[in-house]
Amino acid sequence: TRSLLGLKDLSQQEIQSILDRAAYWEQHPSKTHDLLKGRFISNMFFENSTRTRTSFEVAQKRLGAEVINFTAAASSVEKGESIYDTVRTLESMGIDAGVIRLKPIGLLAQMAEKIKVPLINAGDGNNEHPTQALLDLYTMQKHFGSLKGLKVAIIGDILHSRVARSNLYALRKFGAQVVFCAPENMQAAELDVEYVSMEQAINADVVMMLRVQLERHAAGMLKSAEAYRESYGLTVERAAAMQPHAIIMHPAPVNRDVEIDSELVEAPTSKIFPQMSNGVPVRMAVVERAMN
Ligand code: CP
């Protein structure tokens, strides 16, 4: 199959071919194409989403596919049906591919062994979020031309971040230098990455802020939003010390005035909304790859 479970096991060439195809789709902005006419794709979200779910749907519809949106909260999952039985149910109805977001770590990999149609990871616990990292790489390549030698600082709640992990795995394949900056209780001990101070982090070419994922926190992990902003937030003052060519990124949703000051979200150096726009051609490339 042409599943996309993560970027860890994809080669640089495979990743680049997805990014090149995304560039093709960005340059062909006609609203819809017939490529996937008569093919069915289900978006199966067992965790909430705005950007990923919607941009997958836009991408699928632009490719001409029939889209089945499945939301766990309005389904028999509420009666206790398992994620596996739910995915098998949709597969048995004849979907050609599934886009899936879920919380339990390891379940996606297990399911990919039993489900025959291609599965696309739309966010898998704190493991990987490959399409987010692909759109992040696409955004960086578009801005800087090349990723080789680029210094990328990923700042914030690394422990809970599938975005940080997918970006780390992919960026290193391209010769970018990744550093992390995080409070001690939000660091990920299993990842072999240098942690730097906030002053060093904001000196990078790409300052990538992460959302503080309160819904995944153990009680008391974030003592106060104000104290977090003071120590690890991208404030207007800190942003002023960034290099003139540097850019701000954030996967969103954003906690305004916690990890990033509200005024910076749409600043000229911010790529936060362009990242979302780039998500559509990138997901077109990923869906096309799964269905071919
Ligand atoms: N960046 C991202 O994955 O956003 P959603 O959770 O809204 O999909």
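The rules behind the values
Residues numbered from 1 in each chain as written. Predicted model: local features only at pLDDT ≥ 70, side-chain atom pairs only at ≥ 80, totals over all residues. Near = placed C-beta within 6 Å. Nonpolar A, V, L, I, M, F, W, Y, C, P; charged D, E, K, R; others polar. Domains from an automatic or database assignment. Contact = placed C-beta atoms within 7 Å. Helix = DSSP H or I, 4+ residues; strand = E, 2+ residues; numbered from the N terminus. UniProt positions renumbered as here; feature names shortened; annotations may be inferred. Pairing = 2+ DSSP bridges. Axes fitted to C-alpha atoms, helices over the stretch in contact; angles between N-to-C directions.

Quick look at the site of the ligand
Working step 1: Neighbouring the ligand are Ser49, Thr50, Arg51, Thr52, Gly123, Gln132, Pro251, Ala252 and Pro253.
Working step 2: Along the lines of polarity and charge, the residues of the shell around the ligand split into three nonpolar, five polar and one charged.
Working step 3: When residues of the shell around the ligand are assigned to domains, at least three map to each of domain 1 (12-129 + 277-291) and domain 2 (131-271).

Structural notes on the domain arrangement of the protein
Working step 1: What the domain assignment reports for the protein is domain 1 (12-129 + 277-291) and domain 2 (131-271).
Working step 2: Between the C-alpha centres of domain 1 and domain 2 there is a distance of 25 Å.
Working step 3: Facing 21 residues of domain 1, the contacting portion of domain 2 comprises 20 residues.
Working step 4: Counting only elements with at least two residues in the side of domain 1 that touches domain 2, the list comes to helix H1 (12-27), helix H2 (51-62), strand S4 (119-124) and helix H10 (272-291).
Working step 5: Broken down by class, the residue content of the side of domain 1 that touches domain 2 amounts to seven nonpolar, 10 polar and four charged.

Points about the UniProt feature "domain: Aspartate/ornithine carbamoyltransferase carbamoyl-P binding" (unreviewed entry) in the protein
Working step 1: When the UniProt feature table is mapped onto this chain numbering, "domain: Aspartate/ornithine carbamoyltransferase carbamoyl-P binding" (unreviewed entry) sits at residues 2-141.
Working step 2: Across residues 2-141, helical content stands at 41% and strand content at 17%; the span's end C-alpha atoms are separated by 24 Å.

Looking at the sheet that holds strand S2 (residues 66-71)
Working step 1: Strand order in the open sheet made by the four strands is S2-S1-S3-S4, with parallel pairing throughout. Edge strands, defined here as strands with exactly one partner in the open sheet, are S2 and S4. Strand after strand, the sheet turns through a mean of 15° between neighbouring axes, direction not considered.
Working step 2: Its contacts with the sheet place H2 against strand S1 (40-45), S2, strand S3 (97-102) and S4, and it is angled at close to 175° to S1.
Working step 3: This element, helix H4 (residues 107-114), spans S3 and S4 of the sheet and lies at about 170° to S4.

Considering the UniProt feature "domain: Aspartate/ornithine carbamoyltransferase Asp/Orn-binding" (unreviewed entry) in the protein
Working step 1: UniProt records the feature "domain: Aspartate/ornithine carbamoyltransferase Asp/Orn-binding" (unreviewed entry) for residues 148-287 in the present numbering.
Working step 2: For residues 148-287, the end-to-end C-alpha separation is 27 Å, with 32% helix and 12% strand making up the annotated structure.

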